[in-house]
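Summary of structural features
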Amino acid sequence: MPKERSAQRNLTDEGIRDAALMGVVFRKYGISFAEIISSPMYRTVETAEMAAGTPTKITMDLRSIPSTVEQAALIKTPPKPGTNRLLITHHFVIETHVPGIKPGDIGESEAVVVRHVNGTIELAGRITLEDLREKRRRAGVPKSRKDRQLE
């Protein structure tokens, strides 16, 4: 993995807006996270910070190809009771570990929600960018100037 920012793919202006939009929606609906775990890539750490706060852990386990035992364990371990965990990772990690998600199902800035049931994980749903934009509209949060320009 490249250590220098210039050798990595970084967030675009659109990616920055998407991460900020996630944060708006999370705050508006009172969704909080006891743990925020991120891949070490600059773009994932910055997404975590804009969407939910400073990562509580940054780990290569959320960046590894091929999958590792540690990666599988991180994803399959449930959060503490009554809390939520946010993983900021890459599509290939989600495609490998979330039942019902196949390659191509998850786009940039999109997410899946899983629940832990009897030691396994189940897909609870997908969150697309359009879903986030709709939540913003329903919550009455105004569009940014940039969002208006994109329309």
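Note that the coordinates shown come from a computational prediction; the quantities given were computed from them, not determined experimentally.

**Brief notes about the overall build of the chain**
Helix and strand content of the chain: 6 helices and 5 strands. Listing each helix as α and each strand as β along the chain from the N terminus yields α-β-α-β-α-β-α-β-β-α-α. Radius of gyration (C-alpha) of the chain: 15 Å, near the 15 Å computed for a compact globule of 151 residues. Taken over the C-alpha atoms alone, the chain extends approximately 45 × 40 × 30 Å along its principal axes. Per-residue burial for the chain yields a buried fraction of 34% across its 151 residues. Within the chain, counting contacts between residues at least 6 apart in sequence, those at least 24 apart form 50% of the total. As displayed, the chain has an accessible area near 8,900 Å², and 54% of this comes from carbon and sulfur atoms.

**A few points about the pairing of strand S5 (residues 120-127)**
Where strand S4 (residues 111-117) lies against S5, 7 bridges are found, and the strand directions are antiparallel. Counterpart to valine 117 in the pairing with S5 is threonine 120. Where S4 folds back onto S5 in an antiparallel hairpin, the turn is made up of 2 residues, including asparagine 118, whose phi is positive at roughly 50°.

**A word on the sheet that holds strand S1 (residues 35-38)**
The parallel open sheet is built from 3 strands, whose spatial order is S2-S1-S3. The open sheet has two edge strands with one neighbour each: strand S2 (57-58) and strand S3 (85-88). Across 2 bridges, the pairing between S1 and S2 is parallel. Looking at the pairing, serine 38 lines up with isoleucine 58 of S2. The sheet strands contacting helix H2 (residues 42-51) are S1, S2 and S3, and the helix crosses S1 at an angle near 160°.

**Focus: the packing of aromatic side chains**
Given two aromatic rings, one states the distance between the centres and the angle between the planes to describe the pair. One pass over the structure, following the stated rule, counts 1 aromatic pair. When the ring of phenylalanine 26 is compared with that of phenylalanine 33, the centres are 5.0 Å apart and the planes differ by 70°; the resulting orientation is edge-to-face.

**Re helix H1 (residues 13-28)**
Compared with an ideal rise of 1.5 Å per residue, which puts 16 residues at 22 Å, H1 spans 22 Å between its outermost C-alpha atoms and is within 8% of the ideal. Those residues of H1 not exposed but buried are Gly15, Arg17, Asp18, Ala19, Leu21, Met22, Gly23, Val25 and Phe26. The positive-phi residue at the C-terminal boundary of H1 is glycine 30, with phi of around 65°.

**Quick word on the layout of surface pockets**
In this structure, the largest pocket encloses a volume near 1,400 Å³. Taken together, 49 residues make up the lining of the largest pocket; nearest its centre are Leu86, Leu87, Glu110, Ala111 and Val112. Broken down by secondary-structure element, the contributors of at least two residues to the lining of the largest pocket are H1, H2, S3, helix H4 (91-97), S4 and helix H5 (129-139). It is H1 that contributes the most residues to the lining of the largest pocket, 7 residues altogether.

**Examining the pattern of salt bridges**
Going through the model one piece at a time under the given rule, you end up with 5 salt bridges. Arginine 85 serves as the salt-bridge partner of glutamate 35, at 3.0 Å between the closest nitrogen and oxygen. Of this pair, glutamate 35 sits in strand S1 while arginine 85 sits in strand S3, placing them 50 residues apart in sequence. The class of arginine 85 is buried, set by a relative accessible area of 18%.

**Some points on helix H3 (residues 69-76)**
Those residues of H3 not exposed but buried are Gln71, Ala72, Leu74 and Ile75. On an axial view of H3, the arc spanned by its buried residues comes to 160°, and they lie on one face. The secondary structure elements touched by the buried residues of H3 are S1, S3, H4, S4 and S5.

About the cut-offs
Residues numbered from 1 in each chain as written. Predicted model: local features only at pLDDT ≥ 70, side-chain atom pairs only at ≥ 80, totals over all residues. Heavy atoms only, no water. Helix = DSSP H or I, 4+ residues; strand = E, 2+ residues; numbered from the N terminus. Rg over C-alpha atoms; globule rule 2.2 N^0.38 Å. Buried < 20%, exposed > 50% of the residue type's maximum accessible area, 1.4 Å probe, protein only. Contact = heavy atoms within 4.5 Å. Areas by Shrake-Rupley, 256 points an atom, 1.4 Å probe, with all protein chains shown as cover. Pairing = 2+ DSSP bridges. Axes fitted to C-alpha atoms, helices over the stretch in contact; angles between N-to-C directions. Phe/Tyr/Trp six-rings, centres within 6.5 Å; stacked < 30°, edge-to-face > 60°. Expected span 1.5 Å × (residues − 1). 1 Å grid on protein atoms, 1.4 Å probe; cavity = no way out; pocket = protein on both sides within 12 Å on 5 of 7 lines; lining within 4 Å. Points joined across faces, edges and corners; volume = space filled by probe spheres on them. Salt bridge = Lys/Arg side-chain N within 4 Å of Asp/Glu carboxyl O. Arc of directions from axis to C-beta.

All quantities given are derived from atomic positions and should not be read as evidence of function.
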